[in-house]
Protein chains: 2
Amino acid sequence: MASSESILRNHALRLTGSREEILDVFLRESRALSQREIELEMEQACDRVTIYRTLSTFLEKGLLHKVLDDSGVTKFALCSTTCVEHEPHQHDHVHFKCVQCGNTLCVEEVHVHMPILPSGYAVQEMNVLMQGVCPDCGKTRA
Amino acid sequence: MASSESILRNHALRLTGSREEILDVFLRESRALSQREIELEMEQACDRVTIYRTLSTFLEKGLLHKVLDDSGVTKFALCSTTCVEHEPHQHDHVHFKCVQCGNTLCVEEVHVHMPILPSGYAVQEMNVLMQGVCPDCGKTRA
DNA sequence: GTTTATGCAAATTCTTTGCAATACT
DNA sequence: AGTATTGCAAAGAATTTGCATAAAC
């Protein structure tokens, strides 16, 4: 598993405590996270604004991708290696949001093949969000 | 085409000026709209809060569905007749957001067939957002 | 006449911006 | 040393809540 430090180096980003910790949260949680969620998961908190700015930087540099959510907050998830290596990014995997725990997971194994749109549409990117009950929550209530 | 009045009656909702006008905006624009966009399109404006509350009511009663968007605002679109008649709602059509004009359209003709997730996931709903350049914007720049 | 919807004020939450102080290379 | 990052204060959006008034049935 890649360390936060190596990820930062690979993307030519300065190593700072906040960045490492934010990355660590993503590596540890392996799910889509909002600024607020990151703040709560950080062991040594930094300013809200730093998190927002770090997320923008990471998005720009291709470490993270946005994950759609219908709750009104912006969520991000770590890009996988394959994603980082391709241009443009490949996010054709499915995101699954659990309606019970609220967590959003990247289901890397499942890919959706892009449908053909009527002529005139120039598609650049596709995002799929599935919602329901995740394995963990389903187990608990069984 | 259904009138705002008949739609409200069919859903056992009181007929009020605000509700009719908000519905009219959806019928006229036929695209996904945020509270702000509705406010701007209304001929006779009502309070912001009324729009928010009306959107919640319409969502609850099944007149509208949420449309995913990565801009951080919540958008809604009219449910089609077929959607309203099914339980749970069917929103397996594709939403297309134009990166140039920012409009989000329901591409009703295109359906995505739901992929099989690993066992343990109880899927209730799927949303697909495609992004790129819409026919209108593509035409203009050609 | 009852019930429900609206407007207004105000509070909350999410996100962005400016600038001086600090940390990284 | 020089440049990029951070924190703090503050501003700006988006959204929600409480309560009295007004409108719908």
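For the structure itself, look to the data block above.
The rules behind these values
- Residues numbered from 1 in each chain as written.
- Chains lettered and ligands numbered in written order.
- Predicted model: local features only at pLDDT ≥ 70, side-chain atom pairs only at ≥ 80, totals over all residues.
- Heavy atoms only, no water.
- Salt bridge = Lys/Arg side-chain N within 4 Å of Asp/Glu carboxyl O.
- Helix = DSSP H or I, 4+ residues; strand = E, 2+ residues; numbered from the N terminus.
- Buried < 20%, exposed > 50% of the residue type's maximum accessible area, 1.4 Å probe, protein only.
- Least-squares fit on C-alpha atoms with pLDDT ≥ 70 in both.
- Core = buried A, V, L, I, M, F, W, Y, C linked by side-chain atoms within 4.5 Å.
- Contact = heavy atoms within 4.5 Å.
- Axes fitted to C-alpha atoms, helices over the stretch in contact; angles between N-to-C directions.
- Parallel < 35°, antiparallel > 145°, perpendicular 65-115°, else oblique.
- Nonpolar A, V, L, I, M, F, W, Y, C, P; charged D, E, K, R; others polar.

Undergrad: Lay out the pattern of salt bridges in plain terms, naming residues and giving numbers.
TA: All names here are of chain A. Counted according to the given criterion, the structure contains 20 salt bridges over all chains. A salt bridge links Arg-31 to Glu-41; its shortest N-O distance comes to 3.5 Å. Residue Arg-31 is found in the loop between helix 2 (17-29) and strand 1 (33-34), and its partner Glu-41 is found in helix 3 (residues 35-41); the two are separated by 10 residues along the sequence. For Glu-41, a relative accessible area of 26% corresponds to the partly exposed category. A salt bridge links Asp-136 to Lys-139, with the shortest nitrogen-to-oxygen separation between them at 3.5 Å. Note that Asp-136 and Lys-139 are positioned in helix 6 (residues 135-141) at a spacing of three residues, about one turn of the helix. Residue Lys-139 is classed as exposed on the basis of its relative accessible area, which comes to 60%. Through salt bridges that share partners, Glu-29, Arg-31, Glu-37 and Glu-41 make up one connected network.

Undergrad: Kindly report on the relation of the copies chain B and chain A, identifying the contributing residues and their values.
TA: Copies of the same chain, two in number, are related to each other by a rotation about an axis and a translation along it. When chain B is brought onto chain A, the operation consists of a screw motion whose angular component is 179 degrees and whose axial shift is 0.0 Å, with 0.2 Å RMSD remaining. Such values leave the two copies arranged in the relation of a two-fold axis. Relative to the rotation axis, the closest C-alpha in chain B is found at B:Val128, a distance of 2.3 Å.

Undergrad: Requested: an account of the nonpolar core, with residues and values cited.
TA: Judged by nonpolar contacts, the single largest core of 26 residues is most densely connected at A:Val94, A:Val128, B:Val94 and B:Val128. Setting aside residues no more than four positions away along its own chain, B:Val94 makes contact with A:Pro115, A:Leu117, B:Leu105, B:Cys106, B:Val107, B:Val110, B:Val112, B:Val128 and B:Met130.

Undergrad: Now, about the packing of helix 2 of chain A against helix 4 (residues 48-61) of chain A: what can you tell me, with residues and values included?
TA: Residues and elements named next belong to chain A. Following both chains from N to C, one finds helix 2 and helix 4 inclined at 75 degrees, their axes separated by 10 Å at the closest point. In terms of orientation, helix 2 and helix 4 fall into the roughly perpendicular class. Within the contact between the two elements, helix 2 uses Ser-18, Arg-19, Ile-22, Leu-23 and Phe-26 and helix 4 uses Thr-50, Ile-51, Thr-54, Leu-55, Thr-57 and Phe-58. Along the lines of polarity and charge, the residues of the contact of helix 2 with helix 4 split into six nonpolar, four polar and one charged.

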